[in-house]
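# A closer look at the structure
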Amino acid sequence: MNIVAIVGSLRAASYNMMLAKFIQNRYAEKVTVDILTLHDIPMYNQDEENNPTQAVVDFKAKVKAADAVLWLTPEYNSSIPGVLGNAIDWLSRVDKVMIGKPSFIMGASMGNLGTVKAQMHLRDILFASGLGSPVLQGNEVYIGAAHTKFDAAGNLTDEATIQFLDKVMNNFIEWVQ
C-alpha cells in the first residue's frame, strides 16, 4: 500500500514532520509512506489552475497515485494552517484528485488538546465540503504536549503514544484495504 503523508507545517523543527517520519519508519514493512512537504507549492490562483507550476503538477500526481492520504496538521488559531488550506485548494481543482481517496488525520502540538480543532475543520473540508475524501473515523490522533513526547533528535519516545499509533495505523491499513 502506498500512502502520501502531507505535512501541514513549514517549520524546520515541526512535530508533525517528526510524526510523519516516525510513521514512515515504524510501519515501513506494512506501507510505503512518501512524505510531501508544502514548501514549493505556490498560492492557489484560479488564473493559473490550468497551467500550474511543476511543483503543483508533481504534488497532485503523487496524491493521485497514492492509495490513501495521511494528513499531519498543526493547529493555528484553532484551525488548519493556511499552507495546508492552499494545498487542498490545488488538490480540489481541475482534476480533483481527492475524490474517493481515503484520508486519515493526525496532529501534534505543544498544547494540551493536540490539534483537535484543526482536525475537526480538516475533516469537514475533506469530506463534507465536497472534496469527496472519506476520512477514517474513531481513530483520532491528537498528540498534545508534543515537546514532551519527542526527544531532541526528533524521535517519538512516549510509549503510550507509540502503542496507540500501532493500533490506529493497523486500523487505517485495514480500512483502506
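Shown above is the structure to which this text applies.
Parameters at a glance
- Residues numbered from 1 in each chain as written.
- Predicted model: local features only at pLDDT ≥ 70, side-chain atom pairs only at ≥ 80, totals over all residues.
- Heavy atoms only, no water.
- Helix = DSSP H or I, 4+ residues; strand = E, 2+ residues; numbered from the N terminus.
- Buried < 20%, exposed > 50% of the residue type's maximum accessible area, 1.4 Å probe, protein only.
- Contact = heavy atoms within 4.5 Å.
- Axes fitted to C-alpha atoms, helices over the stretch in contact; angles between N-to-C directions.
- Left-handed = near helix turned anticlockwise from the far one by under 90°.
- Nonpolar A, V, L, I, M, F, W, Y, C, P; charged D, E, K, R; others polar.
- Core = buried A, V, L, I, M, F, W, Y, C linked by side-chain atoms within 4.5 Å.
- Pairing = 2+ DSSP bridges.
- Right-handed = clockwise from strand over helix to strand, strands pointing away.

With respect to the helices and strands, Ala 87 occurs in helix 3 (residues 82-92). Of the residues examined, Ala 87 reaches a relative accessible area of 0% and is grouped as buried. Taking the C-alpha atoms as reference, Ala 87 lies 8.6 Å from Pro 42; in sequence the two are 45 residues apart. Apart from residues no more than four positions distant in its own chain, Ala 87 is found in contact with Leu 38 and Phe 59.

The subject of this paragraph is the packing of helix 1 (residues 15-26) against helix 5 (residues 159-176). Two numbers describe how helix 1 lies on helix 5: the axes approach to 12 Å, and their chain directions differ by 65°. The element helix 1 and its partner helix 5 pack so that their crossing is right-handed. Contact with helix 1, carried on its side by Leu 19, Phe 22, Ile 23 and Arg 26, involves Ile 162, Leu 165, Asp 166 and Met 169 of helix 5 and no other residues of that element. Taken together, the residues of the contact of helix 1 with helix 5 break down into six nonpolar, no polar and two charged.

With that settled, the discussion passes to the nonpolar core. Counting 33 residues, the largest nonpolar core has Ile 23, Phe 104, Met 106 and Leu 165 as the members making the most contacts within it. Every element with two or more residues in this core is listed here: strand 1 (2-7), helix 1, strand 2 (32-36), strand 3 (68-72), strand 4 (103-108), strand 5 (141-143) and helix 5. With sequence-adjacent residues up to four places away left out, Met 106 is seen in contact with Asn 16, Leu 19, Ile 23, Leu 70, Trp 71, Leu 72, Thr 73, Thr 115, Gln 119, Val 141, Leu 165 and Met 169. Within the second largest apolar cluster, 25 residues are counted, among which are Val 56, Val 63, Val 69 and Leu 91.

Note on placement: Arg 26 falls in helix 1. Along the chain, Arg 26 and Leu 165 lie 139 residues apart, while their C-alpha atoms are 9.8 Å from each other. Not counting chain neighbours up to four residues away, the residues in contact with Arg 26 comprise Ile 162 and Asp 166.

For the rest of this paragraph, the subject is unusual backbone geometry. Its identity as a non-glycine residue notwithstanding, Asn 77 has a phi of 55°, on the positive side. Turning to its location among the elements, Asn 77 is positioned in the loop between strand 3 and helix 3. Although it is not a glycine, Lys 96 sits at a positive phi angle of roughly 45°. Relative to the assigned elements, Lys 96 resides in the loop between helix 3 and strand 4. Overall, the relative accessible area of 44% leaves Lys 96 in the partly exposed class.

So, about the pairing of strand 4. Burial of strand 4 is extensive: six of the six residues sit out of reach of the surface. Judged by which residues are buried, strand 4 turns out to be covered on both faces: Ser 103, Ile 105 and Gly 107 on one side and Phe 104, Met 106 and Ala 108 on the other are all buried. Summarising the sheet, strand 3 and strand 4 pair through four bridges and their orientation is parallel. Residue pairing for strand 4: Leu 70 is matched across the bridge by Phe 104. This β-α-β element, strand 3 to helix 3 to strand 4, shows right-handed connectivity. Bridge count for strand 4 against strand 5 is three bridges, and the pairing is parallel. Following the sheet pairing, Gly 107 is matched in strand 5 by Tyr 142.

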